[in-house]
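Breakdown of the fold
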Amino acid sequence: MADAAGRLTKLAEEVLGTPLPVRIRAWDRSESGPPGGPVLVIRHRRALRRLLFKPGELGLARGWVAGDLDIEGDLYEALDLLAGLLWERATTTKAPRAAALRALARPELRAAARELLALAGAPVPPTPPAEEVRRRRGPLHTLRRDKEAISHHYDVGNDFYALVLGPSMVYSCAYWESPAASLEDAQRDKLDLICRKLALKEGQRLLDVGCGWGSMVLHAAREYGVRAVGITLSEEQATFARKRIAEAGLADRIEIRVQDYREIKDEPFDAISSIGMAEHVGRARYAEYASALYALLRPGGRLLNHQIARRPVADEETYRVDDFIDRYVFPDGELAPVGRTVAQLEEAGFEVRDVEGIREHYALTLRQWVANLEKHWDEAARLTSPGRARVWRLYMAASALSFERNRIGVNQVLAVRTPDSGASGVGLRERSWG
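Everything in this summary refers to the structure shown in the same document. (Residues numbered from 1 in each chain as written. Predicted model: local features only at pLDDT ≥ 70, side-chain atom pairs only at ≥ 80, totals over all residues. Heavy atoms only, no water.)

1. Some thoughts on the overall build of the chain
Broken down by element type, the chain carries 17 helices and 11 strands. Over its C-alpha atoms the chain spans a radius of gyration of 23 Å, differing by no more than 12% from the 22 Å that the globule rule assigns to 434 residues. The principal-axis extent of the C-alpha atoms belonging to the chain is close to 75 × 45 × 45 Å. Counting the 434 residues in the chain, one finds 53% classified as buried. (Helix = DSSP H or I, 4+ residues; strand = E, 2+ residues; numbered from the N terminus. Rg over C-alpha atoms; globule rule 2.2 N^0.38 Å. Buried < 20%, exposed > 50% of the residue type's maximum accessible area, 1.4 Å probe, protein only.)

2. Overview of the sheet that holds strand 9 (residues 297–310)
Hydrogen bonds between backbone atoms are what pair the strands of a sheet, whose relative direction is either parallel or antiparallel. With mixed pairing, the seven strands of this open sheet are ordered in space as 7-6-5-8-9-11-10. The sheet is open, and its two borders are formed by strand 7 (254–258) and strand 10 (351–357), each paired with just one other strand. Recorded for the sheet is a direction-independent mean angle of 15° between the axes of neighbouring strands. (Pairing = 2+ DSSP bridges. Axes fitted to C-alpha atoms, helices over the stretch in contact; angles between N-to-C directions.)

3. Here's the deal with the pattern of salt bridges
Here the structure, examined in full by the defined rule, presents 32 salt bridges. Of the charged contacts, one joins Arg-23 and Glu-31 as a salt bridge, the two residues approaching to 2.8 Å between their closest N and O atoms. Asp-192 serves as the salt-bridge partner of Arg-196, at 3.1 Å between the closest nitrogen and oxygen. You can see Arg-196 and its partner Asp-192 sitting in helix 9 (residues 183–197), four residues apart, about one turn around the helix. Residue classification places Arg-196 among the partly exposed positions, given a relative accessible area of 27%. Several salt bridges converge on common partners, so that one network encompasses Arg-23, Arg-25, Glu-31 and Glu-72. (Salt bridge = Lys/Arg side-chain N within 4 Å of Asp/Glu carboxyl O.)

4. So, helix 11 (residues 235–247)
Its 13 residues place the ends of helix 11 19 Å apart at the C-alpha level, agreeing with the 18 Å of an ideal helix rising 1.5 Å per residue. For helix 11, the full list of buried residues reads Gln-237, Ala-238, Ala-241, Arg-244 and Ile-245. Buried positions in helix 11, seen along its axis, are confined to an arc of 130° and lie on one side of it. Exposed positions of helix 11 whose direction lies more than 90 degrees from the buried face are Thr-239, Lys-243 and Glu-247. Just beyond helix 11, the residue with positive phi is Gly-249, at close to 70°. (Expected span 1.5 Å × (residues − 1). Arc of directions from axis to C-beta.)

5. Thoughts on the packing of helix 8 (residues 158–165) against helix 15 (residues 359–375)
Running from amino to carboxyl end, helix 8 crosses helix 15 at an angle of 120°, the nearest separation of the two axes being 7 Å. Taken as axis vectors, helix 8 and helix 15 run oblique relative to one another. Taking contact as the criterion, the partners of Phe-160, Leu-163, Val-164 and Leu-165 in helix 8 are, on helix 15, Trp-369, Asn-372 and Leu-373. For the contact of helix 8 with helix 15, the residue count by class is six nonpolar, one polar and no charged. (Parallel < 35°, antiparallel > 145°, perpendicular 65-115°, else oblique. Contact = heavy atoms within 4.5 Å. Nonpolar A, V, L, I, M, F, W, Y, C, P; charged D, E, K, R; others polar.)

6. Observations regarding the environment of Glu-334
Take Glu-334: it is sitting in the loop between helix 13 (323–329) and helix 14 (338–347). Apart from residues lying up to four places away in sequence, Glu-334 is in contact with His-141, Glu-279, Gly-282, Arg-283, Tyr-319 and Val-321. A polar atom in the side chain of Glu-334 sits 3.2 Å from the side chain of Arg-283. (Polar contact = N/O pair within 3.5 Å; in protein donor to acceptor, adjacent residues only side chain to side chain.)

7. So, helix 8
Three- or four-residue spacings in an α-helix give side chains the same orientation, since the helix completes a turn every 3.6 residues. For helix 8, the tally of buried residues reaches six of eight residues, placing the bulk of the element in the interior. Of the residues making up helix 8, those classed as buried are Asn-158, Phe-160, Tyr-161, Leu-163, Val-164 and Leu-165. After helix 8 finishes, the residue Gly-166 shows a positive phi value of roughly 85°.

8. Observations concerning the sheet that holds strand 1 (residues 23–25)
Taking strand neighbours across the sheet as the criterion, the four strands line up as 2-1-3-4 in an open arrangement whose pairing is mixed. In this open sheet, the two strands that pair with only one neighbour each are strand 2 (31–32) and strand 4 (69–72). Bridge count between strand 1 and strand 3 (residues 39–42): three bridges; the pairing is parallel. Its bridge partner lying in strand 3, Ile-24 is registered against Leu-40.

9. Thoughts on the packing of aromatic side chains
A ring pair, where both rings are aromatic, is described by two values, the distance of the centres and the angle of the planes. Counted by the stated rule, this structure contains 15 aromatic pairs. Each ring, one from Phe-160 and one from Tyr-161, has its centre 5.7 Å from the other, and the planes form 75°; the classification is edge-to-face. Taken individually, Phe-160 and Tyr-161 each receive the classification buried, so the pair is uniform in this respect. Look at Tyr-161 and Trp-392: their rings are 6.4 Å apart centre to centre, the planes differ by 75°, and that puts the pair in the edge-to-face class. Pair noted here: Tyr-161 is in helix 8 and Trp-392 is in helix 17 (residues 386–404), with a separation of 231 residues, a long-range link. As far as burial versus exposure is concerned, Tyr-161 and Trp-392 are alike and both buried. Taking NZ or CZ as reference, Arg-417 lies 4.5 Å from the ring centre of Tyr-294, over its face. (Phe/Tyr/Trp six-rings, centres within 6.5 Å; stacked < 30°, edge-to-face > 60°. Lys NZ or Arg CZ within 6 Å of the ring centre and 35° of its normal.)

10. Structural notes on the state of the cysteines
Evaluated as defined, the whole model comprises zero disulfides. Just so you know, Cys-211 is unpaired, no disulfide at all, and the nearest cysteine sulfur is the one on Cys-195, 14 Å from it. Owing to a relative accessible area of 6%, Cys-211 belongs among the buried residues under this scheme. (Disulfide = S-S within 2.5 Å.)

11. Quick word on empty space enclosed by the protein
Tallying each qualifying case throughout the model produces three cavities of 30 Å³ or more. Roughly 440 Å³ of volume is contained in the largest cavity. Around the largest cavity, the lining comprises 29 residues; the ones closest to its centre are Gly-210, Cys-211, Gly-212, Ile-275 and Met-277. Contributing elements (two or more residues each) for the lining of the largest cavity: helix 7 (143–154), helix 9, strand 5 (205–209), helix 10 (215–224) and strand 6 (227–232). Among the elements that make up the lining of the largest cavity, the one with the highest residue count is helix 7 (three residues). Grouping the amino acids of the lining of the largest cavity by side-chain chemistry returns 16 nonpolar, nine polar and four charged. (1 Å grid on protein atoms, 1.4 Å probe; cavity = no way out; pocket = protein on both sides within 12 Å on 5 of 7 lines; lining within 4 Å. Points joined across faces, edges and corners; volume = space filled by probe spheres on them.)

In structure tokens, the structure reads:
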């Protein structure tokens with residue numbers, strides 16, 4: 001089939017109504033499109049069948065994870081060009097991103113649809129990649145289903161995460177003094193910022209909800225002398241964290257549990273940190289989450305809730321998680337606007353004292369993680385699978401761009417369980433967190 005790239009470029013421009021911003025190289029080695037920039041490589045015509053059977057983001061994701069699609073050149077530039085085109089269309093038409101492909105059903109584009117079918121080959125739906133989450137049972141955000149969702153994302157191997165995250169083993173937004181700082185220093189500065197916002201003091205009791213590989217509780221116990229409990233739903237994370245704690249000689253001060261926040265019964269705590277965990281809670285359970293943390297704090301205790309936020313939409317009932325993220329990255333994860341998060345914390349009884357937006361910091365963090373993954377690509381693919389490594393590379397690079405373009409943000413919300421006396425314990429000019 002001669003000049004598949006030229007035919008695909010023509011089809012894409014007819015459907016999109018605008019020149020294709022990237023060059024295409026097809027499975028027959030033909031090329032078409034603007035030279036000098038990134039190239040969308042279609043390694044197998046199976047990628048077209050994936051798009052025909054699942055138009056939009058899920059079809060593209062399956063092609064990427066399976067290796068049917070690739071980018072040659074600057075991945076960030078390619079994603080920015082393609083996402084910018086799709087984002088603009090979705091914004092101006094108030095239609096889902098799959099609208100361009102679904103437009104092939106329009107009568108005036110029937111010839112284009114027949115051409116795409118001819119290029120795609122046998123009309124048989126390809127099997128989804130093994131890395132895709134399949135059927136999920138039961139209602140959202142039960143204890144069992146949340147544990148399964150967390151396991152999908154975090155139980156992919158501690159050695160794999162060590163390659164991506166570096167020695168800090170912190171899987172959340174770092175806090176950068178400057179872009180020239182090291183990732184390790186920026187992660188340490190983030191942990192210390194949280195400890196200062198929580199006003200931790202020796203002998204206090206800290207709960208870290210979603211403790212990951214134990215970095216927060218280690219820092220708080222070592223540098224501030226607290227007694228800490230870290231909870232996670234990941235068995236692999238818990239095993240790794242316990243080993244680190246034992247090696248640091250802090251096993252008498254830190255306990256790591258495989259436990260859901262809804263199962264904790266040994267309150268009160270003087271402070272609670274929740275760093276990059278609340279995104280897994282979900283809209284239906286967020287009020288319960290906020291109320292549970294409020295109940296676990298002593299009067300006067302502080303909560304630091306570090307959480308990714310999305311932009312609000314006109315009709316919040318229409319919000320849906322991206323198919324790629326839901327099927328391959330964070331099953332059942334949901335984002336909320338920061339205003340809604342603040343409101344629900346207040347509704348639970350908290351007094352919100354500070355909100356700090358740090359989305360540019362997450363963009364820098366993600367670019368460092370992508371660089372780490374690319375540097376250790378062969379080993380990362382061996383430790384998990386080539387498809388899993390491709391999932392992480394795509395989602396982290398795309399997320400970096402989303403933070404840079406203000407499509408999503410991340411915020412640290414400091415809240416207090418203020419006692420009836422009204423004495424919050426927050427200083428008059430404490431925002432320097434010195």
